[in-house]
Amino acid sequence: MISKISHLGIAVKDLKSAAETYRKLLQSEPSEMEFVAEQKVNVVKFKIGESTIELLEGTSPDSPISKFIEKRGEGIHHIAYESDDVRTDLKRLDENGFELINKEPRTGSDNMLIAFVNPKSVGSVLTEICQH
Ligand code: ZN
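Anyway, here's the lowdown on the structure attached to this text. The structure displayed is predicted, hence computed values, not measured ones. Position labels on residues start from 1 in each chain and follow its written sequence. Given that this is a predicted model, residues contribute local features only at a pLDDT of at least 70 and side-chain atom pairs are listed and counted only at 80 or more, while totals for whole chains, interfaces and linings are drawn from all residues. By convention in this description, side-chain values take in all heavy atoms of the structure and omit both hydrogens and water.

1. A short note on the coordination of the zinc ion
Atoms of type N, O and S within 2.8 Å of a metal are treated as its donors, and for Na, K and Ca the window is 3.2 Å; water is not considered, so some sites may appear to be missing partners. Only His-7 (NE2), Glu-54 (OE), His-78 (NE2) and Glu-128 (OE) from the protein coordinate the zinc ion, and they sit 2.1 to 2.6 Å from it. Around the zinc ion, the four donor atoms sit at angles spanning 83 to 161°, and that spread fits a shape best called irregular. Here the donor residues of the zinc ion are spaced in sequence according to H-x46-E-x23-H-x49-E. One end of the pair, Glu-54, is in strand S4 (residues 51-58); the other, His-78, is in strand S5 (residues 75-83), and 24 residues separate them in sequence. The same class applies to Glu-54 and to His-78, which are both buried. By the criteria applied here, four donors are tetrahedral when all angles lie between 85 and 135 degrees, four are square planar and six octahedral when opposite donors are over 155 degrees apart and every other angle lies between 65 and 115, and any other arrangement is irregular. We count a stretch as a helix when DSSP gives it H or I for four or more residues in a row; a strand needs E for two or more, and each element gets its number in order from the N terminus. Each residue gets one of three labels from its accessible area relative to the maximum for its type: buried under 20%, exposed over 50%, partly exposed in between, using a 1.4 Å probe on protein chains only.

Next up, the structure:
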């Protein structure tokens, strides 16, 4: 079951400078930078109450984040919903005609289980289902 918004992912060109902007904006300190090899991204997170802002920087031109920025520029990349059972939610979405990018969850940052739903199925919004 989906219970809340987990985080928003924001694609940035320069993680250092974006982290500085968000540090000032939110008056809070970012997490340590984390490299997610599978996605070829560097990630920095800001906790705000129960939610998180995730800043994502591609580390190579073939990173999904680099490709996104090339096509659409910097900005909101995805919205992530917290699930208590990502496999059950994926099955439910699949049965309801959503096109899944990941039929099986994989490991994202912070060892979360994550899976993406194709933006084509959700009004052009890349949607992530995640489970801590
Ligand atoms: Zn995410």
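Having put the structure on the table, let's press on.
2. Concerning unusual backbone geometry
Phi at Asp-110 is positive, roughly 55°, even though this residue is not glycine. With respect to the secondary-structure elements, Asp-110 resides in the loop between strand S6 (106-107) and strand S7 (113-117). Using a relative accessible area of 47% as the deciding quantity, one classes Asp-110 as partly exposed. Positive phi, close to 55°, is recorded for Asn-111, a residue that is not glycine. Relative to the assigned elements, Asn-111 resides in the loop between S6 and S7.

3. A short note on the pattern of salt bridges
Just to be clear on terms, a salt bridge is a Lys or Arg side-chain nitrogen sitting within 4 Å of an Asp or Glu carboxyl oxygen. A complete count under the given rule lists 11 salt bridges for this structure. The salt bridge involving Arg-23 is made with Glu-29; its shortest N-O contact spans 3.5 Å. Residue classification places Arg-23 among the partly exposed positions, given a relative accessible area of 31%. Connected through salt bridges with shared partners, the residues Glu-20, Arg-23 and Glu-29 form a single ionic network.

4. Side note on the side chain of Ser-6
Here Ser-6 lies in strand S1 (residues 2-11). Excluding residues that lie within four positions of it along the chain, Ser-6 makes contacts with Glu-50, Ser-51, Thr-52, Ala-80, Tyr-81, Glu-82, Cys-130 and His-132. Every residue pair with non-hydrogen atoms within 4.5 Å of one another is taken to be in contact.

5. Notes on a positive patch on the surface
Residues form patches when they are more than 30% accessible in relative terms and have no salt bridge. Like charges link within 9 Å. Nonpolar side chains (Val, Leu, Ile, Met, Phe, Trp, Tyr) link within 5 Å. Only the protein chains shown count as covering a residue, and every accessible area follows the Shrake-Rupley method with a 1.4 Å probe. None of His or the chain ends enter the tally, which takes Lys and Arg as positive and Asp and Glu as negative. For the purpose of locating charges, the reference atoms are NZ of Lys, CZ of Arg, CG of Asp and CD of Glu. On the surface, Lys-67, Lys-71, Arg-72 and Lys-120 cluster together into a positively charged patch. Note on placement: Lys-71 falls in helix H2 (residues 64-72).

6. A short note on the packing of aromatic side chains
In this analysis, rings of Phe, Tyr and Trp, with Trp reduced to its six-membered ring, are considered paired at centre separations within 6.5 Å, and the interplanar angle assigns stacked below 30 degrees, edge-to-face beyond 60, and tilted for intermediate values. In total, this model carries one aromatic pair according to the counting rule given. Aromatic pair Tyr-22 and Phe-46: ring centres 6.2 Å apart, planes at 40°, arrangement tilted. Here Tyr-22 is found in helix H1 (residues 15-26), whereas its partner Phe-46 is found in strand S3 (residues 41-48), with 24 residues between them in sequence. Phe-46 shares its class with Tyr-22; the two are buried.

7. Some thoughts on the layout of surface pockets
Taken as a whole, the largest pocket holds about 700 Å³ of empty space. Points on a 1 Å grid, built from protein atoms alone, make a cavity when a 1.4 Å probe fits but cannot get out and make a pocket when they are open with protein on both sides within 12 Å along at least 5 of 7 lines; residues with an atom within 4 Å of a point are the lining residues. Contributing to the lining of the largest pocket are 33 residues, with Pro-64, Phe-68, His-77, Phe-116 and Leu-126 lying nearest its centre. When residues of the lining of the largest pocket are traced back to their parent elements, those giving at least two are S3, S4, H2, S5, S6 and S7. Per-element accounting of the lining of the largest pocket gives the leading share, six residues, to H2. Polar here means any residue other than Ala, Val, Leu, Ile, Met, Phe, Trp, Tyr, Cys and Pro, which are nonpolar, and Asp, Glu, Lys and Arg, which are charged; Gly is therefore polar. Across the lining of the largest pocket, the residue classes tally to 16 nonpolar, 10 polar and seven charged. Grid points are joined across faces, edges and corners, and a volume is the space filled by probe spheres set on the points. Space inside the second largest pocket adds up to approximately 180 Å³. Lining of the second largest pocket is provided by 14 residues; of these, Lys-45, Lys-47, Thr-52, Asp-110 and His-132 occupy positions nearest its centre.

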